[in-house]
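Architecture and fold: a report
Below are the chains, spelled out letter by letter.
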Amino acid sequence: MTRAQFNDPVQQEIWATLRALNDAWTKGNPDDLAQYFHRNMVAITATERKRIDGGAACVAGWKGFATSTRIHHWTEIDPVIHVYGDSAVVAYDFDMSFDMNGRTIHMGGRDMLFFVKEAGRWWVVADQYSAYPG
């Protein structure tokens, strides 16, 4: 896990939310993502041709991956957080390793999430991630 240092308390709060949601699908219970994914979330992923619409569909997608693999490690690298009032963009590179279909896969990529603060909590409303280009 990256020990990101953010001095701003709002950035710290957003980073703590991001770390908790990534721990939910990489180490814990993917169903807990419902506590972080906004009901109207949209995601563009590296493996789906069409976007994923809705928080429940996003939870199901992340859960499908997490339950079909054995994740060895997940690390966020060089994160940046830009806050715009009650919204924020978080971007970072990632490194991960997992077993799938009898093979161990090592993968690096980048992730960018858009958060909004609603009812006193930070929610992911958009995510786009992909592996590094070939």
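Below is a short write-up of the structure. Just so you know, these numbers come straight off a predicted model, no measurement behind them. (Residues numbered from 1 in each chain as written. Predicted model: local features only at pLDDT ≥ 70, side-chain atom pairs only at ≥ 80, totals over all residues. Heavy atoms only, no water.)

Overview of the sheet that holds strand S4 (residues 87–100)
As a reminder of what qualifies: Two strands make a pair as long as DSSP finds a minimum of two bridges between them. Put simply, DSSP marks the helices as runs of H or I at least four residues long and the strands as runs of E at least two long, and each gets a number from the N terminus on. Contacts: residue pairs with any heavy atoms within 4.5 Å of one another. In this analysis, axes come from line fits to C-alpha atoms, helices being fitted only over the stretch in contact, and the angle between any two N-to-C directions falls in the range 0 to 180 degrees.
The strand order across the open sheet built from 6 strands is S2-S1-S6-S5-S4-S3, with neighbouring strands paired in mixed fashion. For this open sheet the edge positions go to strand S2 (52–53) and strand S3 (70–84), each flanked by a neighbour on one side alone. Helix H1 (residues 9–26) rests against strand S1 (37–44), S3, S4, strand S5 (103–118) and strand S6 (121–131) of the sheet, and its axis sits at about 160 degrees to S3. Seen against the sheet, helix H2 (residues 55–68) touches S1, S2, S3, S4 and S6 and runs at an angle of roughly 65 degrees to S1.

Looking at the pairing of S3
Bridge count between S3 and S4: 12 bridges; the pairing is antiparallel. Each residue of the ladder has a partner; that of Val-80, found in S4, is Ala-91. Linking S3 back to S4 in an antiparallel pair, the connection comprises 2 residues, with Gly-85 at a positive phi of about 65 degrees.

Quick look at the nonpolar core
What counts, and what does not: Here, the term nonpolar core denotes a set of buried Ala, Val, Leu, Ile, Met, Phe, Trp, Tyr and Cys residues that are joined through side-chain atoms within 4.5 Å. Working definition: with a 1.4 Å probe on protein chains only, accessible area under 20% of the residue-type maximum means buried, over 50% means exposed, and in between means partly exposed.
Ranked by size, the top nonpolar core spans 30 residues in total, and within it Leu-33, Phe-37, Trp-62, Val-90 and Phe-115 carry the most contacts. For this core, the secondary structure elements donating two or more residues are H1, S1, H2, S3, S4, S5 and S6. In contact with Trp-62, other than residues within four places in its own chain, are Trp-25, Leu-33, Phe-37, Met-41, Ala-43, Thr-45, Asp-127 and Tyr-129.

Considering the pattern of salt bridges
The test is simple: A side-chain nitrogen of Lys or Arg and a carboxyl oxygen of Asp or Glu constitute a salt bridge if their distance falls within 4 Å.
Evaluation of the coordinates by the stated rule reveals 8 salt bridges. The closest approach of N and O atoms between Glu-13 and Lys-117, which form a salt bridge, is 3.5 Å. Of the two residues, Glu-13 sits in helix H1 while Lys-117 sits in strand S5, which places them 104 residues apart along the sequence. Here Glu-13 falls in the partly exposed class, since its relative accessible area comes to 31%.

Coordinates in, geometry out; function isn't part of it.
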